[in-house]
Amino acid sequence: ALMQRLSDCINDPQELLFSSILSLDFPYQLSNEVISFNETTAFRDHTLVINRALFDAHLEYEPVAEWNTLFGFTYTGGAALVMEERDGSRVPLRSICPRSTCSSELARRSQSAITSSFRDSLRSITVLVYTICAVLASFICLMCMYQQVICTDGAYRICTAFSFGGLAMLCLVSIGFYMTPNPIACFTRKVLFPVAVAAVFAPITVKSFCIWRVELLTSRGEVRRAISDNSPFFLWLCPAVVLLQIVISSEWAFFESSTEMTYVVSLRHGNAWRCAPGDDFEHRVLWSSLLSGLMLIASMIFATL
C-alpha cells in the first residue's frame with residue numbers, strides 16, 4: 001500500500017523519497033523477474049497476469065486475464081467468456097468499465113516519453129512506399145525540366161523549366177508531411193515547403209506578367225518593343241522571388257526553432273507529438289507561404305486581364 005500511494009499519478013510525493021523508491025529493485029517469490037519501477041513513467045513495465053487455480057491431483061494455474069495501466073483489464077483465456085441467459089442463449093461478456101483518470105494520465109505520460117526519430121519513420125512500410133513514389137515523381141519532373149531547357153524552343157521555356165524544378169522539390173518535401181513528426185520532418189515542413197511552393201508559383205507569375213505585358217504592347221502597336229523587351233531580366237525574377245522566400249523562412253526559423261517538437265493534448269486530434277508550436281503549426285506554415293498566395297492571386301489577375 002505504501003508503494004502504491006507513493007507511485008500513483010494522483011499524489012505528488014517528495015522528490016527525494018520518490019526517487020529512492022524508483023531506484024529500488026527486489027526479488028519476490030511470486031514473480032519470476034526482479035520487481036522494479038520504470039524511472040520514466042514511475043510505474044512498473046510488467047503486466048499483471050490473473051490466473052485461475054485448477055486442482056486436479058496437483059495445483060495448476062491457467063492465465064485468464066491481463067491488466068496493465070495502458071489498456072486496463074483484458075480477458076486472455078482460451079475459452080470464450082460467456083454468460084447464459086434465461087432463454088438458454090449464451091452471450092459473450094464485455095467489460096464496460098470506464099478507464100480511470102489515473103490510467104489516462106499514465107498513458108499520456110508513457111506516450112509523451114517516447115519521441116519519434118527520422119530513422120524510426122523510415123522503418124514504416126507505408127512511408128517507404130510513399131517515399132519511392134515521391135522520388136519517382138521528382139525524377140519525372142526533373143526529366144520534364146531537362147526537356148524544356150534542351151529540346152524546346154520558346155520565349156518562356158526557362159519559366160516552365162523552373163516550375164518543373166519547383167515541382168520536383170515539392171515532391172521530395174511532401175515526404176516530410178507523410179512521416180510522423182521528427183526534427184527533420186518539422187524542418188522540412190516549416191522551412192523547405194514554403195520555398196518549394198514559391199519555386200512553383202514564381203515562374204507562373206512571371207510568365208503570366210510577361211504574356212500580359214506583351215499583349216498590352218502589341219495592342220498599342222509597339223510590336224518591336226514587345227519582342228525586344230521579352231528579356232532575361234524578367235526571367236531573373238523567378239530566382240529572386242525564391243530567394244526572398246528563403247530569407248522569409250530563414251528568419252522565421254531563426255526566431256522560432258524549426259526542429260522543436262511539443263506534446264499536444266487535444267480532444268479533437270488526440271494526444272500526440274507535433275511540430276512546435278503544436279496546434280498552431282499549420283497556421284504558421286500558411287502564414288509563411290503568404291508570398292506564394294499573393295503570387296497565385298497575381299497570376300489569376302494577369303491571366304484575366
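Residues numbered from 1 in each chain as written. Predicted model: local features only at pLDDT ≥ 70, side-chain atom pairs only at ≥ 80, totals over all residues. Heavy atoms only, no water.

The protein chain appears in an unreviewed UniProt entry as G-protein coupled receptors family 3 profile domain-containing protein from Haemonchus contortus. As recorded by UniProt, the Subcellular location (unreviewed entry) comment attached to the protein chain reads in full: "Membrane". (UniProt positions renumbered as here; feature names shortened; annotations may be inferred.)

Chemist: Where do I start with helix α10 (residues 237-255) in this structure?
Modeler: Each full turn of the α-helix corresponds to 3.6 residues, which orients residues three or four apart in the same direction. The end-to-end C-alpha distance of α10, which contains 19 residues, comes to 27 Å, matching closely the 27 Å that a straight helix rising 1.5 Å per residue would cover. Listed in full, the buried residues belonging to α10 are C238, V241, V242, Q245 and S249. Each buried residue of α10 lies within a common arc of 95° when the element is viewed along its axis, so the set occupies one face. Of the exposed residues in α10, those oriented more than 90 degrees away from the buried face are L243, F254 and F255. (Helix = DSSP H or I, 4+ residues; strand = E, 2+ residues; numbered from the N terminus. Expected span 1.5 Å × (residues − 1). Buried < 20%, exposed > 50% of the residue type's maximum accessible area, 1.4 Å probe, protein only. Arc of directions from axis to C-beta.)

Chemist: How should I be thinking about the side chain of S138 in this particular structure?
Modeler: On the secondary structure map, S138 appears in helix α5 (residues 125-150). With relative accessibility at 5%, the residue S138 sits in the buried group. When neighbours within four sequence positions are excluded, S138 is seen to be in contact with A168, C171 and L172. (Contact = heavy atoms within 4.5 Å.)

Chemist: Looking at this structure, how should I read the state of the cysteines?
Modeler: In protein structure, a disulfide is the covalent linkage between the sulfur atoms of two cysteines. Inspection of the entire model under this criterion finds one disulfide. Across a sulfur-sulfur distance of 2.0 Å, C186 and C275 are joined as a disulfide pair. The sign of the S-S torsion, about -90°, decides the handedness of the disulfide formed by C186 and C275: left-handed. Note that C186 is positioned in helix α7 (residues 183-219) and C275 in strand β9 (residues 272-275), a separation of 89 residues in sequence. Judged by relative accessible area, which is 0%, C186 ranks as buried. Overall, C275 belongs to the buried group, its relative accessible area being 2%. Here C141 is not disulfide-linked; the sulfur of C171 is the nearest cysteine sulfur, at 4.4 Å. Overall, C141 belongs to the buried group, its relative accessible area being 11%. (Disulfide = S-S within 2.5 Å.)

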